[in-house]
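Chain by chain, the residues run as shown.
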Amino acid sequence: MSPKATAIPRQPMREQPPLERIGNFEEVPLGYTEEQARVEAGRCLQCKKPKCIEGCPVAVDIPGFVALVHEGKFAEAARKIKETNVLPAVCGRVCPQETQCEELCVLGKKGESAAIGRLERFAADWERTQGLVERPRTAPPTGRRVAIIGSGPAGLTCAADLARLGHDVTVFEALHEMGGVLVYGIPEFRLPKKILREEIDALRDMGVKLETSAVIGKLATIDELVHEDGFDAVFVGTGAGLPHFMEIPGENLLGVYSANEFLTRANLMRAYSFGEAADTPIARGKRVMVVGGGNVAMDSARTARRLGAEKVVLAYRRSRDEMPARAEEIHHAEEEGIEFHLLTVPVELRGDEMGRVSSAVMQKMELGEPDDSGRRRPVPVEGSEYEEPIDVAIIAIGAGANPLISSTTAGLETNRRGYIVSDPETGATSIPGVYAGGDIVTGSATVIEAMGAGRRAAAAIHQHLMEVRRSTEARAEV
Amino acid sequence: MNEIIAKEEIAPDTYRYQIYHPRIAQKRKAGQFVIVRTHDGGERVPLTIVGSDLTAGTVTLIFQAVGHSTRELAQLGVGDRLLDLAGPLGQATHIENYGRACVIGGGYGTAPVLPIAAALGDAGNDLIGIIGARTKELVILEQELGDICSRLEVATDDGSYGHPGFVTDVLQALLDEGEPIAFVLAVGPSPMMRAVANLTKQRAIRTMVSLNPLMVDGTGMCGGCRVEVGGETKFACVDGPEFDGHQVNFDLLMKRQGTYKPEEQEAAAHGPHCRIGLDAAR
Ligand SMILES: Cc1cc2nc3c(=O)[nH]c(=O)nc-3n(C[C@H](O)[C@H](O)[C@H](O)COP(=O)(O)OP(=O)(O)OC[C@H]3O[C@@H](n4cnc5c(N)ncnc54)[C@H](O)[C@@H]3O)c2cc1C
Ligand SMILES: Cc1cc2nc3c(=O)[nH]c(=O)nc-3n(C[C@H](O)[C@H](O)[C@H](O)COP(=O)(O)OP(=O)(O)OC[C@H]3O[C@@H](n4cnc5c(N)ncnc54)[C@H](O)[C@@H]3O)c2cc1C
Ligand code: SF4
Ligand code: SF4
Ligand code: FES
């Protein structure tokens with residue numbers, strides 16, 4: 001261990017100042033300079049047994065790429081990451097590093113962990129902006145066709161891996177843009193859509209066919225994809241897209257949105273071209289309440305702020321320590337003046353004579369005994385109600401499994417919450433040749449976990465297709 | 001794909017398009033709809049699939065240019081392509097032989113009635129049709145429905161054609177005459193559907209209505225289309241769009257349909273390219 005390395009502080013990343021950024025939708029963190037990146041990379045101890053890798057769901061060779069950054073071999077660093085993670089520019093920005101790779105970094109024991117996510121983002125951005133991205137080589141065509149349903153991180157990763165192995169891949173996406181939550185959910189100021197578009201263009205370059213506005217289950221069932229369209233295997237990566245509501249009085253009032261609707265209107269329907277013609281309206285509240293404590297809640301609150309809200313209240317039923325959002329987003333939200341009402345839930349929404357939401361009745365909670373998840377259960381405090389005047393409410397308390405696929409696919413096993421049951425190692429479902437992964441299997445999780453699932457399924461699909469081929473060839477020889 | 005093969009103005013500001021999309025043409029069932037987008041930055045507009053032609057591989061859409069997005073759609077012509085066409089969405093109509101059934105269409109709601117009437121007819125129902133419009137020139141699909149129904153009545157609000165008054169007046173008269181109607185399907189403006197449902201409720205006649213709340217994705221992802229039916233919240237795009245008319249909370253539906261009225265009006269007042277939600281984003 002070099003004592004010098006630990007003496008260097010973790011390099012901060014430049015950001016747009018809060019007062020400036022709430023007036024635009026541009027990205028908040030501005031990334032490292034080359035110098036900063038090299039300095040930060042120099043902090044890494046190049047551990048012989050790197051703990052950090054254990055925290056990464058796709059096992060990026062962290063010391064390997066960090067060493068390359070330190071040496072100034074930035075494009076090589078990006079390629080090193082891409083050996084296991086096809087979307088480093090995305091993951092560097094949105095992974096909850098503090099509970100994944102960076103949590104286990106040994107530097108974090110005594111001081112601050114290496115800024116793995118920021119370095120990952122730096123390397124990927126550098127390679128891209130310098131125009132050094134290489135088109136991945138694809139194996140000779142195998143003649144096998146795979147249908148990928150859903151274009152979120154799970155589907156895109158699975159498609160990329162299979163295309164590289166020479167399979168003929170078609171991605172079917174229900175919406176008019178590819179990218180899943182990365183395009184309709186996560187806002188521009190956190191993940192510029194340009195980055196995603198370039199990743200998707202790369203897929204197209206590899207020969208992957210992309211079909212938008214293709215709602216599988218409606219336009220064609222999985223059975224039809226296999227038996228009529230001749231797909232040899234199917235991967236289902238349809239995400240957790242069914243918004244939950246609180247089931248409290250007044251939730252159908254005007255101005256009450258699910259986070260999915262609010263963010264879809266703001267992101268997808270304004271499709272990167274902020275300020276240019278976009279025809280989908282959104283209620284611009286002056287006083288907005290967001291319910292929830294995850295990334296989705298932070299994104300909604302910060303979007304509402306940028307749409308002109310003077311006051312944004314974020315109500316979360318537990319305490320700050322339990323908030324599932326990325327630490328950086330909580331910090332950014334606070335900087336942007338989002339008011340956190342912790343240990344608080346709305347119990348009723350009230351409206352005016354036009355049916356528009358006008359206030360929320362809020363109730364304080366206190367933490368009681370631990371529940372099944374081991375977290376202390378919030379219990380209402382009698383008589384603690386107060387009324388908060390609002391004109392928009394955004395419900396960001398989670399999402400469930402969309403039944404479009406399961407309800408139209410006979411024999412596809414789901415669990416009691418409607419998620420598809422699949423083998424964690426291979427993604428295999430109860431139907432041979434049909435695989436699944438990402439949020440539609442695990443429930444709402446993370447981008448990198450969805451990618452990991454897509455990747456494992458791609459490996460299993462490849463093996464399955466090659467076995468099928470061998471057995472048909474063997475039969476042909478007889 | 002998505003090419004407009006034929007366009008016809010069937011009434012003032014009301015258009016019939018035949019659009020090339022063989023797969024939707026083949027898969028669609030009565031009661032289902034599509035979502036269209038005309039250009040980048042455009043809204044996702046839900047429209048009922050009125051029919052399809054399997055040989056030509058086309059679906060038929062009929063719409064009225066009532067606001068910004070439907071007017072943009074009306075600007076297109078033969079040979080143009082819709083930027084996006086997603087479907088068939090929603091649940092297909094439950095079809096059975098009720099014996100004598102009555103189908104009611106109000107205004108451009110008459111268009112969604114046509115495919116359902118055809119399916120009910122195919123299932124052996126004896127159909128009575130009632131179509132209504134504000135005035136004579138807005139009556140649509142009289143011929144097409146006339147071919148399917150054994151009896152077709154027309155009502156106009158201003159009395160310029162057919163019975164003067166509302167479709168409910170005609171329905172009331174039929175019921176008073178003792179027509180043994182076992183099932184009613186009504187599509188049109190919400191107040192009309194509510195009036196029909198109120199009338200049939202007294203006589204306990206099973207009544208389905210097709211709701212048209214505002215929608216975004218149309219796949220069950222956003223919940224923007226939620227409606228209240230029998231005290232429960234449903235997502236019209238995946239659970240509907242048809243529901244039991246006696247259970248629907250029409251008050252809520254009408255309020256929610258008006259969510260963006262102030263924004264739409266303000267935008268219209270500022271000219272075609274100032275759309276709300278944008279100035280804030282700058
Ligand atoms: C607002 C928000 C912020 C988030 N922030 C973070 C973050 O900072 N960090 C992080 O790691 N994770 C974050 N997440 C979670 C993360 O985005 C998800 O875990 C991840 O996107 C799941 O990927 P997926 O591929 O399984 O599905 P999704 O990304 O949900 O994609 C599924 C796709 O399938 C399509 N689809 C669905 N049904 C059909 C059908 N029948 N036919 C065709 N297509 C269909 C959908 O339209 C969608 O495009 C966030 C989620 C949200 C909503
Ligand atoms: C499942 C479904 C099927 C539909 N089928 C048809 C169809 O076959 N033909 C057809 O012409 N229209 C149909 N509609 C209605 C059509 O989608 C709307 O007219 C259209 O979205 C209006 O968009 P706009 O921008 O042109 O008008 P806007 O500027 O958005 O609205 C103009 C006026 O129409 C009202 N309005 C907007 N949307 C709706 C709506 N969904 N229902 C009632 N009033 C509305 C507004 O409040 C406003 O007063 C259907 C809607 C749904 C949900
Ligand atoms: S992919 Fe995510 S978890 Fe893995 S190293 Fe990169 S930032 Fe860390
Ligand atoms: S654990 Fe930390 S210090 Fe060790 S290799 Fe990983 S990033 Fe470097
Ligand atoms: S339109 Fe989004 S859920 Fe129905």
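Caption draft 1: Highlighting the domain arrangement of chain B. All names here are of chain B. According to the domain assignment, chain B consists of domain 1 (3-89) and domain 2 (100-210). Here domain 1 and domain 2 have C-alpha centroids that lie 24 Å from each other. Listed as interface residues are 14 residues of domain 1 and, on the opposing side, 12 residues of domain 2. If you sort the residues of domain 1 by the area they bury against domain 2, Pro-12, Val-50 and Gln-64 come out on top, with a joint share of 37%. Our enumeration of links across domain 1 and domain 2 arrives at one salt bridge. With a closest N to O distance of 3.1 Å, Glu-144 and Arg-16 form a salt bridge. For the pair domain 1 and domain 2, the interface holds one residue pair in polar contact (both at pLDDT 80 or more). Of all elements in the fold, only strand S1 (4-11), strand S2 (14-20) and strand S6 (58-64) reach the threshold of two or more residues within the side of domain 1 that touches domain 2. Along the lines of polarity and charge, the residues of the side of domain 1 that touches domain 2 split into eight nonpolar, four polar and two charged.

Caption draft 2: Broad picture of the sheet that holds strand S11 (residues 339-342) of chain A. Residues and elements named next belong to chain A. Read from one edge to the other, the open sheet built from five strands follows the order S8-S16-S9-S10-S11, with strand pairing classed as parallel. With partners counted over all chains shown, the strands left at the sheet margins are strand S8 (256-258) and S11, one partner each. Across the sheet, the axes of successive neighbouring strands diverge by a mean angle of 20°, strand direction being ignored. Helix H15 (residues 259-266) contacts S8 and strand S16 (392-395) of the sheet and is inclined by roughly 85° relative to S8. Strands strand S9 (287-291), strand S10 (311-316), S11 and S16 of the sheet are contacted by helix H16 (residues 295-306), whose axis makes an angle of about 170° with S10.

Caption draft 3: Inspection of the interface of chain A and chain B at higher detail. Facing 50 residues of chain A, the contacting portion of chain B comprises 52 residues. Note on chain A versus chain B: buried area summed over both sides is about 4300 Å², and carbon and sulfur give 52% of it. For chain A, the biggest contributors to the area lost against chain B are Lys-218, Asn-252 and Asp-279 of chain A; these three give 18% of the whole. Summed over the shared surface of chain A and chain B, the number is two salt bridges. Between Lys-27 of chain B and Glu-224 of chain A there is a salt bridge, with the nearest N and O atoms lying 2.8 Å from each other. At the boundary of chain A and chain B, one finds 13 residue pairs in polar contact (both at pLDDT 80 or more). For the side of chain A that touches chain B, the elements supplying multiple residues, two or more each, are strand S7 (242-243), S8 and H15 of chain A. Per-class residue counts for the side of chain A that touches chain B are 23 nonpolar, 14 polar and 13 charged.

Caption draft 4: Expanded view of the site of ligand 1. Residues and elements named next belong to chain A. Among the 36 residues in the neighbourhood of ligand 1, the closest are listed as Val-94, Glu-173, Arg-190, Ile-216 and Asp-439. Here Val-447 contributes a backbone N or O atom positioned 2.9 Å from an oxygen atom of ligand 1. Listed by contribution, the elements that provide at least two residues to the shell around ligand 1 are helix H11 (153-164), H16 and helix H19 (447-477). Here the shell around ligand 1 takes three residues from H16, the largest share from any one element. For the shell around ligand 1, the per-class residue count stands at 20 nonpolar, 11 polar and five charged. Residue-level mapping places the shell around ligand 1 at the junction of two domains, with at least three residues from each of domain 2 (145-241 + 401-477) and domain 3 (245-399).

Caption draft 5: Structural context of the environment of Val-227 of chain B. All names here are of chain B. Within the secondary structure layout, Val-227 lies in strand S14 (residues 226-229). With 26 residues separating them in the primary sequence, Val-227 and Leu-253 have C-alpha atoms 6.3 Å apart. Each residue touching Val-227, except ones within four places of it in the same chain, is listed here: Leu-211, Pro-213, Glu-232, Thr-233, Lys-234, Ala-236, Phe-243 and Leu-253.

Caption draft 6: Examining the domain arrangement of chain A more closely. All names here are of chain A. When its domains are assigned, chain A resolves into domain 1 (5-129), domain 2 (145-241 + 401-477) and domain 3 (245-399). Summarising the inter-unit geometry, the C-alpha centres of domain 1 and domain 3 are found 31 Å apart. Interface area for domain 1 against domain 3, summed over the two sides, is near 1200 Å², with a carbon-plus-sulfur share of 51%. Contact with domain 3 buries area across many residues of domain 1, yet Arg-21, Ile-22 and Phe-25 alone supply 51% of it, more than any other trio. If you look at where domain 1 meets domain 3, you find two salt bridges. For Glu-336, the salt bridge goes to Arg-21, with nearest N and O atoms at 2.6 Å. Put simply, domain 1 and domain 3 have nine residue pairs in polar contact (both at pLDDT 80 or more) between them. Those elements that place two or more of their residues in the side of domain 1 that touches domain 3 are helix H2 (18-21) and helix H7 (88-94).

Caption draft 7: Expanded view of the packing of helix H5 (residues 62-70) of chain A against helix H6 (residues 74-82) of chain A. All names here are of chain A. One way to put it is that H5 packs onto H6 with a least axis distance of 7 Å and a crossing angle of 170°. One element, H5, and the other, H6, form an angle in the roughly antiparallel class. Between H5, through Gly-64, Phe-65, Leu-68 and Val-69, and H6, the contact on the second element is made entirely by Phe-74, Glu-76, Ala-77, Lys-80 and Ile-81. Grouping the constituent residues of the contact of H5 with H6 by class yields six nonpolar, one polar and two charged.

Caption draft 8: Quick peek at the site of ligand 3. Around ligand 3, the structure places 13 residues, and the nearest of them are Cys-56, Cys-95, Gln-100, Cys-101 and Glu-120 of chain A. Looking at the shell around ligand 3 residue by residue, the class counts come to nine nonpolar, three polar and one charged.

Rules of the game
- Residues numbered from 1 in each chain as written.
- Chains lettered and ligands numbered in written order.
- Predicted model: local features only at pLDDT ≥ 70, side-chain atom pairs only at ≥ 80, totals over all residues.
- Heavy atoms only, no water.
- Domains from an automatic or database assignment.
- Contact = heavy atoms within 4.5 Å.
- Buried area = accessible area lost by both parts, 1.4 Å probe.
- Salt bridge = Lys/Arg side-chain N within 4 Å of Asp/Glu carboxyl O.
- Polar contact = N/O pair within 3.5 Å; in protein donor to acceptor, adjacent residues only side chain to side chain.
- Helix = DSSP H or I, 4+ residues; strand = E, 2+ residues; numbered from the N terminus.
- Nonpolar A, V, L, I, M, F, W, Y, C, P; charged D, E, K, R; others polar.
- Pairing = 2+ DSSP bridges.
- Axes fitted to C-alpha atoms, helices over the stretch in contact; angles between N-to-C directions.
- Near = heavy atom within 4 Å.
- Parallel < 35°, antiparallel > 145°, perpendicular 65-115°, else oblique.

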